[in-house]
Protein chains: 2
Amino acid sequence: MYISKSFIPILKNNPSEAKIKSHQLMLRVGMIKQSSAGIYSWLPLGFKVMKKIERIVREEQNNIGVQEILMPTIQSSEIWKESGRYEDYGEEMLRIKDRQDREMLYGPTNEELVTDIFRSSIKSYKSLPQLLYHIQWKFRDEIRPRFGIMRCREFYMKDAYSFDVSDEEANFSYNKFFLSYLKTFKRLNLTAIPMAADTGPIGGSLSHEFIILADTGESKIFTDKRVFELSTDDAKLEKNSLLNMRKKYEQYYSVTDEKFKKDEFEKNVSEKNRLITKGIEVGHIFYFGDKYSKPMGASVDLPGGKKDFVKMGSYGIGVSRLVGAIIEAKYDEKNEVMKWPISVAPYDIAIIPMINKNDNTALDQANKIYLELEKNNIDAIIDDTDENFSSKIKKMNLIGAPYQIIIGKKSDGHLLEFKEVGKDSQKIKLQNIIKIITEQKVKN
Amino acid sequence: MYISKSFIPILKNNPSEAKIKSHQLMLRVGMIKQSSAGIYSWLPLGFKVMKKIERIVREEQNNIGVQEILMPTIQSSEIWKESGRYEDYGEEMLRIKDRQDREMLYGPTNEELVTDIFRSSIKSYKSLPQLLYHIQWKFRDEIRPRFGIMRCREFYMKDAYSFDVSDEEANFSYNKFFLSYLKTFKRLNLTAIPMAADTGPIGGSLSHEFIILADTGESKIFTDKRVFELSTDDAKLEKNSLLNMRKKYEQYYSVTDEKFKKDEFEKNVSEKNRLITKGIEVGHIFYFGDKYSKPMGASVDLPGGKKDFVKMGSYGIGVSRLVGAIIEAKYDEKNEVMKWPISVAPYDIAIIPMINKNDNTALDQANKIYLELEKNNIDAIIDDTDENFSSKIKKMNLIGAPYQIIIGKKSDGHLLEFKEVGKDSQKIKLQNIIKIITEQKVKN
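Residues numbered from 1 in each chain as written. Chains lettered and ligands numbered in written order. Predicted model: local features only at pLDDT ≥ 70, side-chain atom pairs only at ≥ 80, totals over all residues. Heavy atoms only, no water.

Draft legend 1. Seen up close, the overall build of chain A. If you tally the helices and strands in chain A, you get 12 helices and 21 strands. Relative to its length of 444 residues, chain A is compact, with a C-alpha radius of gyration of 24 Å against a globular reference of 22 Å. Principal-axis analysis of the C-alpha atoms gives chain A an extent of 85 × 60 × 40 Å. Within chain A, the proportion of its 444 residues that are buried is 58%. Partitioning the intrachain contacts of chain A with sequence separation of at least 6 by distance along the chain shows that 71% fall at a separation of at least 24. Surface summary for chain A: the accessible area is close to 18700 Å², and the carbon and sulfur share equals 46%. Computed over 70 positive and 64 negative side-chain charges, the inter-centroid distance for chain A is 3 Å. (Helix = DSSP H or I, 4+ residues; strand = E, 2+ residues; numbered from the N terminus. Rg over C-alpha atoms; globule rule 2.2 N^0.38 Å. Buried < 20%, exposed > 50% of the residue type's maximum accessible area, 1.4 Å probe, protein only. Contact = heavy atoms within 4.5 Å. Areas by Shrake-Rupley, 256 points an atom, 1.4 Å probe, with all protein chains shown as cover. Lys, Arg positive; Asp, Glu negative; His and termini not counted. Charge placed at Lys NZ, Arg CZ, Asp CG, Glu CD.)

Draft legend 2. Summary view of the packing of aromatic side chains. All names here are of chain B. The final tally for this structure, using the stated rule, is 37 aromatic pairs over all chains. Centre to centre, the rings of Y181 and F185 are 6.0 Å apart; their planes meet at 85°, and the pair counts as edge-to-face. Here the residue Y181 and the residue F185 both occupy positions in helix 6 (residues 167-187), the gap between them amounting to four residues, near one helical turn. You'll find Y181 and F185 in the same group, each marked buried. Here the aromatic rings of Y403 and F418 are separated by 5.5 Å at their centres, their planes lie at 10°, and the arrangement is stacked. Here the residue Y403 occupies a position in strand 19 (residues 403-407), and F418 occupies one in strand 20 (residues 415-420), the gap between them amounting to 15 residues. For F418, a relative accessible area of 2% corresponds to the buried category. (Phe/Tyr/Trp six-rings, centres within 6.5 Å; stacked < 30°, edge-to-face > 60°.)

Draft legend 3. Spotlight on the relation of the copies chain A and chain B. Structural alignment of chain A on chain B gives an RMSD of 0.0 Å, achieved by rotating through 180° and translating 0.0 Å along the axis. With respect to symmetry, the two chain copies, as superposed, fit the operation of a two-fold axis. Taking C-alpha positions as reference, the residue of chain A nearest the rotation axis is A:I96, located at 2.9 Å. (Least-squares fit on C-alpha atoms with pLDDT ≥ 70 in both.)

Now the structure itself:
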């Protein structure tokens, strides 16, 4: 992509209305544009990042055998009356009347709708477990939307739902998602800590939030540092293996201030392992048994001839929110340098040629490099504008492609000035650059 | 995928509420489920087809250099008041009041919102042309939604928008989409005819509908058969080449009854070339100059120092509608046989083993074949249920994978019974099956 042809509207300065890093950067480099309070359009740069995050979330859902569906955004109020949540949900639910005066709503979550889909099709324990997910827009009518896409009204979310015959089987499903979430966040180059959580309006008896560390986070967190040494590498998609993995994580005290108790923290975590910092919620999983299946009559035939209500859980990841969360975790605000993890970077590399009025040498070289990278499936952005060199570098540091090739006045034959953002530059051949980036892309 | 583990709720008979082929089949094989009037959930089978269509639509947009963005579903009424369409649009617009009592709406189309995005960022002719698209849910509050996803209320659509400095440049943009649409429908194995059309509520002076032939189509069409002999193979992304291509299509009389004039038809089309049949609209493109840019103040600086309003067009493809349109065009209702084009088929091939209580030989062989196909990136579905053989064949004929491997009682060593749906079966080796399918996938 050539900057001159792109729709990447970059601002000279941070917009004054933005109070946190992610909101500032996203407006500054034209990733998003607000269309009304708490509602945003995703411009090409932001869209590319969000789509790459979506792909990773999708792959990790598919890897644990969840089937993808797509439920509509507009729901009938009827099923919400069946579950009893229509009145409970309060003003955050966007209520709508259609032209026939029917009560509709813009779905803030989908427990009711997916339970309705399940009950109309699945009748026997033999068809269980069923794991279903969709990635769809949701709406919550926040009274004071703020912080850009971090606390907005229309947001993009992956929500999954599990249906099982017993508590034990449902626990197995729960743990599959537990694993899948840790793997998803790792691929996004985020360290997410699972924390026992309250269940709020979703309800249920068991719940974990997945929280990533960020100084600017909304929640205060209290954790045992040793949790960072854990990994999911040994976990297999089997009951015992997954249960052991979850226990490994649960042995370390990690909570948000919502659940914090000073004496427990001090009893369970030795002084040198205590970490008190801030974090951002990026995922939340719930087990709630028959909370929805019972009032909505979603039951299956059991082996002995009896019937029972299915045991359900739900599992959310904020896809649009993750764009902001990654910025909060990775953006160096002081130096105005963003480096996207290569798995979700809008471009793999930026090519920055110095362009003077009567000298196109650097641009010509940039074009050749661009074509060669393209042949090797490396997605590059060229700054082909005639702005001054330092403002071009500054702009590319904000856009955040993790690598840069800088082409100054005196090009040094076949050796290029190559830079991993945040590190020193080096002079190397194009073929080596291709090798480095390709290896990083395969690994992530 | 194994049928026994899948969420593919198949009905024994056609549902009585469905009046047209696509609606019947989609309910019958569990591609969709209605959640309320004119609003559907997409179950795994339907979802897979729609996603594959979306991918092709996306690639063909990218191929002509359109940049992808994503605008929200909920819009403010303010911009619609600026363009003057807020009152005009009538009851099909789903109007919403949020908790602050602000007038919002669920976007039925996005001319206003994209013009707002454009005007806030692009100030100079130097940044033109700008071509932007998004693929997003829309809502039109039809008074009588019917025919399943063919005339529903919430639907998935690709809409693109072009911004140019002059009529001539805008015409070039228009012709790029004209080409892109013909290529898109061809990859979906559909013959689409571009027809001069009225512009309706979008407005403007130039418009084409793209219509595919289907006996059950909603529009009567009158066309010169010779239009089917045309191809886009020679067209290049250059002004003259694209103009010539469009002229080639426009030389043949092709209209819907909306524009039909008997004397013109008879004057322009010789008797042997006349075709009167029915069709379905799958795409619509519009050129409307400054209809939105003028009232909304979207202007750019021109070379001489003057300013002018940008010239705009818009370009829609109904992505969810195409799922139904392909069924209308391809489903053999009499014999209950569907054959999806391989580019969008939910599965590449169905494996149908005969399973008896005490004999797993056929299922074991099916499993081995499945794994071998998977290694070769061929997506198979196995019917591992113990239903009787003929009802399994019937079910798979409805699901519509374009190829089948049938494993009866007496398996014939390394020769498999292989069938392209609608053709006779043959006995061939697995490696040859892999070769045939791989070649078809690459070609499409």
